[in-house]
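Here are the chains, one letter per residue:
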Amino acid sequence: MAGNSFKRNGDILPSSDRKRKKPRTVISGIQDDSLLTKTLEQHLFYLQPGDSPHIIGADQAMFIKAFSKDVSTHLEYPNNIDEMLETLFNYCEDVGFLRKSLLSTNTSPDCDSARNDLQDSLIRLMLCVPDLQTKLLIRLLEILAEIALTSDSSTGEQVLETSLPRLILSSIRFLPFTMDSNVIAEKLMEILQACPNDLQREIILSLPEIVEDSQHEKIAASMKELLNETRNLTCTILDSLSSMSLSKSTVKELLNVVLKRLYRVNMRDLPSVVEFLLCSAQAETDVLSVVQELRDRLDISSVSKDDAEYRSRPIESEDTQSRVIEIIHFQSLINKNVSDAWMKCIDMCSQDDLKSLDMLILLAFYDLQKKSVENILKKKIRNGLLTESLLKSIIHAYGSVLKKYFQNMISLGDMLLSSTESNINDFGIALYTQTFLSFSEEDAHFQQDLIGDLISKIGTGGGGRITDAALGALEILAECHSKHLLNFIPMITAMMDFTENMNLGQFRQLMYVLCSIAWQKGAAESTTNLKSEINIMMKKQLHSKSLALKKMGVIGAVSSVRAIGKHNSTYDKNCHKDTSSSSKTTSKHVSSIVSLIDMALEETKFHPEAAGLLMDELAAPPSVSVMPVEVASEYADRFQDIFESDFIVDDPKENQAAELGLQILFKLNANEGDSMEEEADIVIPIAKWILDARKNPINISTKIHRFIPHFRLLCALKPNHGDIDALLGCGVLMVSSMVPEDQEKINSKDLDSVCDMVFFSLNWFREVVNYFSTVDDEETRKQILLRIKNILHLEDSLKILLQRNQLYRPPTVIFSEDAQLWSPQMGHTKSRGKGEKGKTSKGNPKNTSKKLNETTMNATMHLNTQVSQIAPIASSTVIGQSQAAEKKNPLFLRDLDEYRPFFRELDLNILKILEFEVITIGTKYDDATEKSDPRFRPSELSFIMKDLSEKLDARLKCGKKKSFPGCVATPSSFGNTNLMRFPEKTVLEVVLQVFPKLFANMDLIRDYFAEQIRIYDGILDTDFSRDENYDACMQCLRYGFNIASTIFSWQGFKSMEMQGILLKSLTELVQRLENTERANKESLSFELVLEKIVRYMATFTDSIVCSEVGSHHLDLLHALSHLNTASKYNKQVSAQTALVYLKKNWFSVPGKEKTIAANLHVQKFLTVFLEHTEDPLSEIETIFDVGVQDLFENRGKDYKNAVFKTFQRSSVGVVYQICLQKLVQIVKINTFGNTKDKDELLEIWSTTTALLQKVVNPLKTWRNRSILKTVLKFARQYLDQFLRHAMPLLDGVFKRKGNDCINILKTLQSSTRYLHVICTSTKTDHEIALASYVPFLKKSLEALVYRVQAMLAANNCGDAFWMGNLKNRDLQGEEILTQVADEEDEDEEDEVDEEEAEADEELDDASGVGSIDFDEDAENVEV
């Protein structure tokens, strides 16, 4: 009741009395007579005994204010301070009391003015009293040290004390003020040295919140020493330092320390270290330097040996990898300089310096700098730095990063797959396949996304290159990892709906994927539906009346045969123990294969192209290799009987009109030219089939189309050559003459028939050579050589025929690809003169093209339906007419390269011909002798080497995919279908085996040219100095060098397996050269063998008389030098050879070479020379002093330099381009850095500025547009690099080498002045081609002026220069009036971009751009 009465009457009492009386009646604390206790209680703070928390009856701010005033105004001040602290220290000796004093204080229930129920601890409140803070802080730190010294004890009391350090540190953090921060900082550092690691971490992390900003520099110095002593505290120290206020110099020192010990950092600390480095570097130069060092030293691929505990937790290791890349990505979002620095470092890395980290950075940055990432990635792939093996190791080592940036990877893969360059396309395929295989079953959703993305590309690609690439990726997965695709059968089956826009090659890939999955081992139940879908689609297509669909049905049937045969062979190997089960299953598979082949044969019986496609597909190596023996034997006999009955005749006189003068030509081992009335052996009646088809177009006959693929299939199934060896020498029934004079008598209506005969005969001989070239019989070899001579003769005749029949479309003989888009190109026999250049016919061009297309379609129908008669043609010989015809009618020869889609593919088997014998050059060509004893001539060698060169370019060479002339689309493997079925490794092994024979022939050609040079004293620029072998030998050298350079440039040699194959082949070649025994092969190292090969290839240098061949020869040496970049000898040989070619006077067949071709060769020579020379800067100086300056002084158009004979007025632009490009490349490599030799960098910049002066000054005498364009383009790049890297260097060394810095700037000034003149003249002369380079160059010129001014002013050298205004002058040095310049500027605004025009007006006003002019008297600058 009393309490209630008190409350009821409380409203009449003063509030202060009410608050003062309430706690006194309720709260009691420690009762003693100490000054501390009395003072605390006086201000409503009650110390509680035992475990009860202390109680405060007022707000902590009011308490601190009142308590501080009471202490400072006490009568015994300052003695009262010591007394109070002594009492407090005595209390704190009790660990329980100390802990309670460090914990929060409870607010009295009757206090309604406090901020919260819990307020600061007693220690924290005492630390906020100015008079008590310093001594109390020191005592707390001493207690902290005592705990550290006794932390090794394991008693229960020590365990109880383990939380005290954290409580103490929490109490002293974020104090509102610090009375003596210097003392506190020193005390903390003393304690830190004696603490264990855990306590050190707590103290270090608390330092920024304990110590004032004024002491951060001192603390950072101590932290730097501690950082060098231990690695366990790296992360903690860096986190603490990143929260401190430090000067730029201190930050730079810390960055250097951290970068130097980056390799010692624990894996778990790497994210924090990387974040500190990127956050601390703010200036652009600092960021670039830090990123470069970070890229060189950072390794997140594996855990170090010291991290044994961390190594046992791979998941955490993967998380660390992902976190590091994520931090770099995040810092790039915050600071664009970081992303720019990474891009620059990756772009500038050398050939052997590409790291896995670079690929991860490019992947992470793809959403930030898409264009830059694409350009860098394509550049690295083109240069062979990013290989499939490197990609595979990256993907499998950094799976967590790949999952983190999976969408970036999909976008990047889309860009790669859509590229027109084969090597970039292949890299995209490898990216998809390796990524798919890197995911486990737990990551099936990632695999599903990849498969779905590939399928969507197939559906939306429209049958283009991206469809090719997506199918290629699925084909690789289906071939080697078909089990992984079982879970995605419903998605893969949906691709059957996308066949409408596919070509035959793409549909073949699709069916391979589907059939490989459907008939794979051990998945019969799960693939039943897929097999049914395939069979239904295949039968519908085969029964279709559409030729395109029927061809697809043929491919589907053959793909099913291959898959069943492959499954059958695998099943037989695994089930050989159970004979009954194996035979039963084999019989089932055999019957399935036979039924499929029979069905396809029946459905294509009356469709020539479909029938030819079926036989070509069945004859392909993938089909023959998996076909059961009983099936192959059955069909071999069947096809042999059909061939003998349908395609071979014994008496060609039957059913032929006597007035048609046909003959049996190209018959071997008999008198050629037998008339129709003479007795004849077996003959291929090609002419009869063609004429019958023309006379009776309604009667459908497939003989003319089927006999070549039928023969190929027969050869593929028939391993015994003896049964069909008569076909090698049998004759061909065709028109009686191929002589140019007689060809002119042929009626224009009959030209199509004659051309058909020649095309079919040519392709028949090519298939015959394919099959019989592997026979070792001597007589057979002679016949093969004769067949090659027949092929060359027919080609020469065909060139003349096609020139008369330019609208002719050849018959289809390659059925595996679709050539419907091909159209003949219109050629001209006479070149246009100057007056005809650029003239077009009058009238509507659309109507003209329309009429031409209609005429072309009407005139090029294969096997024209019009009936005509062929007049008798005189007989002639067959061998040896091509050379005479070519010399007589040089302008009437049609190039056959554009007709390549209509020539049957030569197999790699024909390389066996090189093993027959070496070429014969010395003996004179004689027809009679050649028939009886044929010799291997340079023309035959050139034929084989040309075909091989084209094959290797298509299979191995990286670059943009080229289409055939006349082809609108770009087939992926047109003309090389069988070659593309072989792996690159197989192709290389076959070619490398014949390398010794190939170069044995090239040695003879080298000796031939050496003899020609000796006879004619090196003057081979007339027809008199060239014999019948000259051109063929020249082509042999060209193709031989191209073959070798293509092989040695292949990126696959970087794998260990292929390096062994390469070493073996090169060793055999060296043994042929040195005539050493095979026993010495093992002792030769790769480096030694390579040097011997380079030395051998260099022997061709003096025997090369054509710059085109020299260019290919230099490509070969360049490729060999890249196989071992560490060899100085290889680079030296390449540089010396290039220099010889630069100084050589070249001639071609008509005399002097054309300007464009000559400039391309000069570009190649100069590029290789500057790349491989040891000192490119001095060589550039020599080139301009000796070679270029002379051309500027002599104005003759055809004048050549006396030393560099390839240099003339027309090639100066090329020289400028290559030299300036190399100059900019050198300055980009020599970037500024804190750890680099500054004196060396200064010397390089001094040399490059002098070279720039040598480049620019000759332009005052003479120039052309190409030179000015090159100078404007690369001068801006040079000035940008000078501003970015040279100016910071000059800032750092100016006090030490002021005169050298001034000289560099004065040298540069002479160049920049004339660059300003070029910019002004470009604007006034309205040079549109150069105008785009002007604004950016003028911006760099202006920035240079003010940057130099700032540097000299900072070093108290303002008197060494003065800033003025340049007068506007033209290229001749005459002053341009201000009014004229202003008017021209106004007129130009309508032609250039508005923003660029505004920038030009700001930089180029009436008085010109400001320039720095150095005082000539200030030679010696004192700083």
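Structure's up top.
Residues numbered from 1 in each chain as written. Predicted model: local features only at pLDDT ≥ 70, side-chain atom pairs only at ≥ 80, totals over all residues. Heavy atoms only, no water.

1. A short note on the overall build of the protein
What counts here: Numbering of helices and strands runs from the N terminus; a helix is a DSSP stretch of H or I covering at least four residues, while a strand is a stretch of E covering at least two. We call two residues in contact when some of their heavy atoms are within 4.5 Å. Computed with the Shrake-Rupley method and a 1.4 Å probe, the accessible areas treat only the protein chains shown as cover for residues.
Scanning the protein from N- to C-terminus turns up 64 helices and 9 strands. Considering only contacts within the protein whose residues lie at least 6 apart along the sequence, 77% involve residues at least 24 apart. Looking at the protein as shown, the accessible area adds up to about 64,700 Å², and 49% of this sits on carbon and sulfur atoms.

2. Observations concerning helix α4 (residues 60–72)
Let me state the cut-off plainly: Given a helix with a known number of residues, its expected span is that number minus one, times 1.5 Å. Exposure categories follow from relative accessible area, calculated using a 1.4 Å probe and restricted to protein chains: below 20% of the type maximum is buried, above 50% is exposed, and the middle band is partly exposed. Picture the helix axis, draw a direction to every C-beta atom, and the arc is the one those directions span.
Under the 1.5 Å per step criterion, the end-to-end length of α4 is 18 Å for 13 residues, consistent within 8% with the ideal 18 Å. Inspection of α4 places Gln 60, Phe 63, Ile 64, Phe 67, Ser 68, Asp 70 and Val 71 among the buried residues, and these make up the whole buried set. Down the axis of α4, the smallest arc covering the buried residues is 160 degrees, so these residues share one side. Facing away from the buried side of α4 by over 90 degrees, the exposed positions are Met 62, Lys 65 and Lys 69.

3. Focus on empty space enclosed by the protein
Going by this rule: Within this scheme a cavity is a closed region of a 1 Å grid, computed over the protein atoms alone, that accommodates a 1.4 Å probe without allowing it to escape, whereas a pocket is open but has protein on both sides within 12 Å along at least five of seven lines; lining residues each have an atom within 4 Å of a point. Grid points are joined across faces, edges and corners, and a volume is the space filled by probe spheres set on the points. We call Asp, Glu, Lys and Arg charged. Ala, Val, Leu, Ile, Met, Phe, Trp, Tyr, Cys and Pro are nonpolar, and the rest, Gly among them, are polar.
Counting across every chain of the model gives 12 cavities of 30 Å³ or more. Taken as a whole, the second largest cavity encloses approximately 140 Å³ of empty space. Around the second largest cavity, the lining comprises 13 residues; the ones closest to its centre are Asp 616, Ile 814, Arg 904, Glu 905 and Asn 978. Of the residues contributing to the lining of the second largest cavity, the split by class is 2 nonpolar, 5 polar and 6 charged.

4. Some points on the environment of Leu 141
By the secondary structure assignment, Leu 141 is in helix α8 (residues 130–149). Considered as a pair, Leu 141 and Ile 184 are 43 residues apart in the sequence and their alpha carbons are 8.8 Å apart. Among residues more than four places away in sequence, those in contact with Leu 141 are Ile 172, Ile 184, Lys 187, Leu 188 and Ile 191.

5. Section: the nonpolar core
Heads up, the condition is: What makes a nonpolar core is a set of buried Ala, Val, Leu, Ile, Met, Phe, Trp, Tyr and Cys residues whose side-chain atoms join them at distances within 4.5 Å.
Formed by 410 residues in total, the largest nonpolar core has its most connected members in Trp 764, Ile 1047, Tyr 1216 and Phe 1282. Here this core gets 15 residues from one element, more than from any other, and that element is helix α59 (residues 1265–1293). If near-sequence neighbours (up to four positions away) are discounted, Ile 1047 is found in contact with Leu 952, Leu 956, Leu 988, Val 991, Leu 992, Phe 995 and Phe 1053.

6. Some remarks on the sheet that holds strand β4 (residues 118–119)
This is how it is decided: A pair of strands is treated as paired once DSSP finds two or more bridges between them.
Spatially, 4 strands are ordered β1-β2-β3-β4 in an open sheet, and the strand pairing comes out mixed. With partners counted over all chains shown, the strands left at the sheet margins are β1 (45–46) and β4, one partner each. One ladder, built from 2 bridges, connects strand β2 (residues 55–56) with strand β3 (residues 105–107); its direction is parallel. The residue of β3 that forms the bridge with Ile 56 is Thr 107.

7. Looking at the sheet that holds strand β7 (residues 731–735)
Strand order in the open sheet formed by 3 strands is β5-β7-β6, with mixed pairing between adjacent strands. Only two strands of the sheet have a single neighbouring strand rather than two, namely β5 (662–665) and β6 (683–684). Across 4 bridges, the pairing between β5 and β7 is antiparallel. For Leu 665, the partnering residue across the bridge sits in β7 and is Val 732.

8. Regarding helix α25 (residues 406–417)
With 12 residues, α25 extends 16 Å from end C-alpha to end C-alpha; this agrees with the ideal 16 Å at 1.5 Å per step. Extensive coverage of α25 is indicated by the burial of 9 of its 12 residues. Among the residues making up α25, those that are buried are Phe 406, Asn 408, Met 409, Ile 410, Leu 412, Gly 413, Met 415, Leu 416 and Leu 417. Packing partners of the buried residues in α25 comprise α21 (356–364), α22 (370–382), α24 (399–404), α26 (422–438), α27 (444–460) and α28 (465–480).

9. Quick word on the pattern of salt bridges
Short version of the rule: By convention in these notes, a salt bridge is any Lys or Arg side-chain nitrogen within 4 Å of a carboxyl oxygen on Asp or Glu.
Using the criterion set out here, one finds 52 salt bridges in the structure. A salt bridge links Glu 602 to Lys 605; the shortest N-O distance between them is 3.2 Å. Residue Glu 602 is classed as partly exposed on the basis of its relative accessible area of 48%. Taking the relative accessible area as the measure of exposure, Lys 605 reaches 40% and is therefore partly exposed. Put simply, Asp 616, Arg 712, Glu 767, Arg 904 and Asp 907 are held in one network by salt bridges that share partners.

10. Considerations on a negative patch on the surface
Threshold: Patch construction takes residues with relative accessible area above 30% that form no salt bridge. Like charges are linked within 9 Å, and nonpolar side chains (Val, Leu, Ile, Met, Phe, Trp, Tyr) are linked within 5 Å. The charge count includes Lys and Arg as positive and Asp and Glu as negative, but it does not include His or the ends of the chains. Charged side chains are reduced to one point each, which is NZ for Lys, CZ for Arg, CG for Asp and CD for Glu.
A cluster of acidic residues, Asp 725, Asp 777, Glu 778 and Glu 779, forms a negative patch on the protein surface. Relative to the helices and strands, Asp 777 is located in the loop between α41 (751–772) and α42 (778–804).

11. Here we look at the environment of Lys 1092
Of note, Lys 1092 is situated in helix α52 (residues 1086–1097). Note: C-alpha distance between Lys 1092 and Thr 1067 (25 residues apart in sequence) is 9.4 Å. Setting aside residues up to four positions removed in sequence, Lys 1092 forms contacts with Val 1070 and Glu 1074.

12. Looking at the packing of aromatic side chains
Selection rule: Any two rings among Phe, Tyr and Trp, with Trp reduced to its six-membered ring, count as a pair given centres within 6.5 Å; such a pair is stacked if its planes are under 30 degrees apart, edge-to-face if over 60, and tilted if neither.
In this structure the tally under the stated criterion is 42 aromatic pairs. Where Phe 711 meets Tyr 771, the ring centres are 6.2 Å apart and the plane angle is 85 degrees; that geometry is what we call edge-to-face. Taken together, the positions of Phe 711 in helix α38 (residues 703–717) and Tyr 771 in helix α41 put the pair 60 residues apart, joining distant regions of the chain. For the pair Phe 711 and Tyr 771, a shared accessibility class is recorded, and that class is buried. Aromatic side chains Trp 822 and Phe 902 sit 4.9 Å apart centroid to centroid with 80 degrees between the ring planes, which places their arrangement in the edge-to-face category.

13. Let's talk about the side chain of Ser 1121
With respect to the helices, strands and loops of the structure, Ser 1121 is situated in helix α53 (residues 1107–1123). Setting aside residues no more than four positions away along its own chain, Ser 1121 makes contact with Asn 1130, Lys 1131, Ser 1134 and His 1172.

14. Things to note about a nonpolar patch on the surface
Together, Phe 330, Leu 333 and Ile 334 make up a nonpolar patch on the protein surface, roughly 320 Å² of accessible area in all. Checked against the element boundaries, Leu 333 lands in helix α19 (residues 314–334).

15. Re the packing of α8 against helix α10 (residues 164–172)
Applied cut-off: Note on geometry: axes are lines fitted to C-alpha atoms, helical ones only across the stretch in contact, with angles between N-to-C directions running from 0 to 180 degrees. Note on angle classes: values under 35 degrees are labelled roughly parallel, values over 145 roughly antiparallel, values of 65 to 115 roughly perpendicular, and the remainder oblique. A crossing counts as left-handed when the near helix is turned anticlockwise from the far one by less than a right angle, and as right-handed when that turn is clockwise.
Between α8 and α10, the least distance of the axes is 10 Å, while the angle of their chain directions is 160 degrees. Relative to α10, the element α8 is oriented roughly antiparallel. Considering how the two elements wind past one another, α8 and α10 form a crossing that is left-handed. Residues Leu 137, Leu 140, Leu 141, Ile 143, Leu 144 and Ile 147 of α8 pack against Leu 164, Pro 165, Ile 168, Leu 169 and Ile 172 of α10. In the contact of α8 with α10, the residues fall into 11 nonpolar, no polar and no charged.

16. Some remarks on the pairing of β7
Within β7, 5 of the 5 residues are buried, which leaves it mostly tucked inside the rest of the structure. Alignment of β6 against β7, held across 2 bridges, turns out to be parallel. Within the sheet, the bridge partner assigned to Val 683 lies in β7 and is Gly 731.

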